[in-house]
Amino acid sequence: MRSYKQLPLNLYQIHIKFRDEARPRFGLIRAREFIMKDAYSFDRSWEDLEVSYQKMYDAYSRIFKRCGLDFVVVEAETGAIGGDVSHEFMVWADTGEDVIVFCEACGYAANRERASFKFEPRPSSEKVKEPEKVHTPNVRTIEEVSSYLGVEPSRLLKSLIYKTSDGRFVLFLLPGDRELNEAKAARAVGAEAIEMALYDEVLEIAGASPGFVGPCNLKKNVLIVADRTIEGGVNFISGANEEDYHIANLTPGVHFKVDRYADIVFAEEGDLCPKCGSPLKFSRGIEVGHIFKLGTKYSAAMNATFLDKDGKEKPFIMGCYGIGVTRIAAAAIEQRHDKDGIKWPITIAPFEVHLVATNMNDPKVREVAEGLYGEFLNKDLEVLYDDRDERAGFKFKDADLVGIPIRVTVGEHRVKEGKVEIRLRDTGETELVDVADAVSRVSEIREKLYKDLEP
Ligand SMILES: [Zn+2]
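Residues numbered from 1 in each chain as written. Predicted model: local features only at pLDDT ≥ 70, side-chain atom pairs only at ≥ 80, totals over all residues.

Draft legend 1. Seen up close, the domain arrangement of the chain. Here the chain is described as being made up of domain 1 (4-117 + 272-335), domain 2 (132-262) and domain 3 (343-452). Using only C-alpha atoms to locate each centre, domain 1 and domain 2 end up separated by 35 Å. (Domains from an automatic or database assignment.)

Draft legend 2. Quick peek at the environment of G96. Of note, G96 is situated in the loop between β4 (85-92) and β5 (98-102). Along the backbone, G96 and I29 are 67 residues apart, and their C-alpha atoms lie at a distance of 8.6 Å. Residues in contact with G96, not counting those within four places in the same chain, are R284, G285 and I286. (Helix = DSSP H or I, 4+ residues; strand = E, 2+ residues; numbered from the N terminus. Contact = placed C-beta atoms within 7 Å.)

Draft legend 3. Expanded view of the environment of K37. Residue position: K37 is located in strand β2 (residues 33-43). On the basis of neighbour counts, which here come to 17 C-beta atoms within 10 Å, the residue K37 falls in the partly exposed class. If we skip the residues at most four places from it in the chain, K37 touches Y12, I14, G322, I323 and V325. (Buried ≥ 20, exposed ≤ 12 C-beta atoms within 10 Å, placed from the backbone.)

Draft legend 4. A look at the sheet that holds strand β25 (residues 430-434). Here five strands make up an open sheet; going across it, the order is β22-β21-β23-β24-β25 and the pairing mixed. With partners counted over all chains shown, the strands left at the sheet margins are β22 (383-386) and β25, one partner each. In this sheet, neighbouring strand axes are inclined to one another by 25° on average, regardless of whether the strands run parallel or antiparallel. In this structure, strand β23 (residues 406-410) lies alongside strand β24 (residues 419-424), joined through four bridges in antiparallel fashion. Across the sheet, residue I406 finds its bridge partner in β24, namely L424. The sheet strands contacting helix α10 (residues 438-452) are β21 (353-357), β23, β24 and β25, and the helix crosses β23 at an angle near 165°. (Pairing = 2+ DSSP bridges. Axes fitted to C-alpha atoms, helices over the stretch in contact; angles between N-to-C directions.)

Draft legend 5. Quick look at the sheet that holds strand β12 (residues 236-239). A sheet is described by the order of its strands in space; here three strands give the open sequence β7-β13-β12, paired in antiparallel fashion. Both edges of this open sheet fall to β7 (132-135) and β12, since each of them pairs with a single strand only. Here the strands of the sheet are splayed against their neighbours by 30° on average, with no regard to which way each runs. In this structure, β12 lies alongside strand β13 (residues 245-250), joined through three bridges in antiparallel fashion.

Draft legend 6. Geometry of helix α7 (residues 363-378). In this model, α7 (16 residues) spans 23 Å end to end at C-alpha, consistent with the 22 Å of a helix rising 1.5 Å per residue. Within α7, burial applies to V365, V368, A369, L372, Y373 and F376. Here the buried residues of α7 occupy an arc of 140° about the axis, which is enough to place them on one side. What points out from α7, more than 90 degrees from its buried face, is the exposed set P363, L377 and N378. Looking one or two residues past α7, D380 carries a phi angle of roughly 60°, positive in sign. (Expected span 1.5 Å × (residues − 1). Arc of directions from axis to C-beta.)

Draft legend 7. Broad picture of the pairing of β21. For β21, the buried fraction is high: five of the five residues fall into the buried class. Burial along β21 is two-sided: the face carrying V353, L355 and A357 and the face carrying H354 and V356 are both buried. As paired elements, β21 and β22 share four bridges and run parallel to each other. Residue pairing in the sheet places V353 in a bridge with V383 of β22. For the handedness criterion, the β-α-β arrangement of β21, α7 and β22 is classed as right-handed. Pairing analysis gives five bridges linking β21 to β23, with the strands arranged parallel. In the sheet register, V356 faces β23, and the bridge partner there is T409. (Right-handed = clockwise from strand over helix to strand, strands pointing away.)

Draft legend 8. Structural view of the nonpolar core. Counting 101 residues, the largest nonpolar core has F172, V288, A331, V353, L355 and L372 as the members making the most contacts within it. The greatest single-element share of this core, amounting to six residues, is contributed by α7. If we skip the residues at most four places from it in the chain, L355 touches A369, L372, Y373, F376, V383, L384, Y385, D386 and V408. (Core = buried A, V, L, I, M, F, W, Y, C linked by C-beta atoms within 7 Å.)

Draft legend 9. Region of interest: unusual backbone geometry. Cis rather than trans, the peptide bond between L7 and P8 has omega equal to 0°. If you trace the backbone, P8 turns up in the segment before β1 (9-18). The phi angle at N249 is positive, at roughly 65°, despite the residue not being glycine. Structurally, N249 is set in strand β13. The phi dihedral of N303 falls on the positive side, at around 60°, and the residue is not glycine. You can call N303 exposed: it has 8 C-beta atoms within 10 Å.

Here it is in structure tokens:
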């Protein structure tokens, strides 16, 4: 690819991948071997990338709809792959490993890694008190300090020392009842990644071990970044940077400096929606697709350029788009099953029709079943024919377990009346039809099931 005239371009592959999981989890959701669809878009400009990205976003939405999945598109962290904007396609499922933060009022949805929430700092009406050192022997965790001193965890300041990927040390301050979101914290200090400082590094910076660290009297000057929910608050308690001591009545800006306030904590259920202010809800989901605006991160680094209209060499503006193909099947099963087994959406079912002959020793049953099997095949219906020499109940149990959408039963009694039974796995609806009409009725039902999944 040399010229702008060859753009835009999309390249993709569908291939088996391997992941070195120490312990594969969640059954088929996270296996060592899986099939992925990966696509990459190449564009001349950011405006064109916008078009490519939106097309892929829409196509993915149609694909997942057609696969019969109930899903939501959420704002996501770009993580190690990088780039600025990314969306995940999440299938709602209680067994999912991701937490979806969403707002029923306005439709805002984000991965918990990414989710922000609305917060307006309100200056406290409390009087600023004088700091007071308190002896807290061997009392380290938020829970321990909170119960030892008899104060709410939200009055405590968690003081966490981190090292950025470019070698800087930062002290993050957050309320005791909140959890640091490392992705947000890294963004707040303009670092690609952050990791907790080592024990010795903490000792050197704070002069005390983790558990007694605080923002006052640090041995070394480091950047102090506080969560925005602390701004305006007074009389907090934190570690004293001295073994077995805490300090009460600390007020930011009065007793210690804060270099920057930022959103560095995870949203909690009940926090307010960043778009409309309604309470946020949490649910779990399975990620089946992830799309990224990469921009020039890789093309610039790898010197992948094209000749633009103005005669200048420029890096491709890229996007990247993945679908967990095998995961779609696993997610569909998580979402569509009952105590008896799977309820496949017809679009991805291994077969469309499950033909069950109840007694293969009955000549009439055999004749009708074999006849229908041939006719289904002629009509290009994908049919699984259970001609095993087993009891009817046994075959029905297997049919429910396997979960093929349309079951056609040729039974000894009904067939004498010239009838067969059609049953839908999803709804349990049953109808009797004349043998002569069976194929056309099954074709009709099949069309309808496909139509129901049309985007
Ligand atoms: Zn909202």
